[in-house]
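These are the residues of each chain, in order.
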Amino acid sequence: MKLNSAYWEDRYSNNETGWDVGKITTPLKEYIDQIEDKSIKILIPGAGNSYEFEYLINNGFENIYVLDFAQSPLDNIKKRIPNCTVTQLLKSDFFEHEGSYDLILEQTFFCALDPSLRKEYVQKMQSLLNPNGKLVGLLFQFSLTEVGPPFGASKEEYELLFTNDFEIKLLETANNSIKARQGNELFFIFIKK
């Protein structure tokens, strides 16, 4: 299976979006609620319908960008949030994207990538973040299977993967996941080294 733009467009057109819970998830909402500086530059890669983006916009953040491989979710965002600008909606391959950000939010993007891209993901995240920039979000906590997405991993595997490029400030089982994901999500805060 090739997880390219056409694959994801097909998932959206067939309404096969099981990752989409229809609203911002509580762990990310609570993290965003404690951010005081609303001028920081934020990226949400593999954004999908990005309820995180909508929540940020509705709470006074302006320097936010969403990136997706597929056009459909970007169109959905524009319909839901007409006051966002087209420059905030980036249709691109994450690994080709250039920019610099203070914060990158992870919500079901890592788990959607072919596991062979994990080291490249870490390096790309590190390169996109400003000094002391943060990568924050949720990672699935279940055994990696051949079938996916989603593709999982263990806390120990994430530690090994990220520890060279990031200070692991927090990596623990989320206590406020949605019911269907309880016990299967790790909330994390990684700071660029």
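Since this is a predicted model, take the numbers as computed values, not measurements. (Residues numbered from 1 in each chain as written. Predicted model: local features only at pLDDT ≥ 70, side-chain atom pairs only at ≥ 80, totals over all residues. Heavy atoms only, no water.)

Chemist: Can you walk me through the pattern of salt bridges in this structure?
Modeler: In the structure shown here, the tally under the stated rule is three salt bridges. A salt bridge links R80 to E54; the shortest N-O distance between them is 2.9 Å. Taken together, the residues R80 in helix α4 (residues 71-80) and E54 in helix α3 (residues 51-58) connect sequence positions 26 residues apart. (Salt bridge = Lys/Arg side-chain N within 4 Å of Asp/Glu carboxyl O. Helix = DSSP H or I, 4+ residues; strand = E, 2+ residues; numbered from the N terminus.)

Chemist: Where do I start with the nonpolar core in this structure?
Modeler: A general tendency of soluble globular proteins is for nonpolar side chains to be buried together. I42, I44, F53 and L105 are the most contacted members of the largest nonpolar core, which has 29 residues in total. Taken together, the elements giving at least two residues each to this core come down to α2 (26-33), β1 (42-45), α3, β2 (64-68), α4, β4 (101-107), β5 (129-140) and β7 (185-192). In terms of residues, this core owes the most to one element, α3, which gives five residues. For I44, the contacting residues outside a window of four places in its chain are S50, E52, F53, L56, I64, Y65, V66, L67 and L105. Judged by nonpolar contacts, the second largest core, of 26 residues, contains F94, V122, L128 and F188. (Core = buried A, V, L, I, M, F, W, Y, C linked by side-chain atoms within 4.5 Å. Buried < 20%, exposed > 50% of the residue type's maximum accessible area, 1.4 Å probe, protein only. Contact = heavy atoms within 4.5 Å.)

Chemist: How should the side chain of D68 be read in this particular structure?
Modeler: Residue position: D68 is located in strand β2. No salt bridge is formed by the buried D68, whose closest oppositely charged neighbour, K91, lies at an N-O distance of 8.0 Å. For D68, the side chain forms a polar contact with the main-chain nitrogen of A47, separated by 3.2 Å. Once residues lying within four places of it in the same chain are set aside, the contact partners of D68 are G46, A47, G48, P73, L74, L90, K91 and S92. (Lys, Arg positive; Asp, Glu negative; His and termini not counted. Polar contact = N/O pair within 3.5 Å; in protein donor to acceptor, adjacent residues only side chain to side chain.)

Chemist: Would you mind showing me how to read the pairing of β4 here?
Modeler: Working note: regular strand, side chains alternate between the two faces of the sheet. Burial within β4 is extensive, with six of its seven residues counted as buried. For β1 and β4, the ladder comprises two bridges, and the chain directions are parallel. The partner of I42 across the bridge, within β4, is L103. Alignment of β4 against β5, held across six bridges, turns out to be parallel. In the sheet register, L103 faces β5, and the bridge partner there is K134. Crossover connection from β4 via helix α5 (residues 118-128) to parallel β5: handedness right-handed. (Pairing = 2+ DSSP bridges. Right-handed = clockwise from strand over helix to strand, strands pointing away.)

Treat this as a map of the structure, not an account of what it does.
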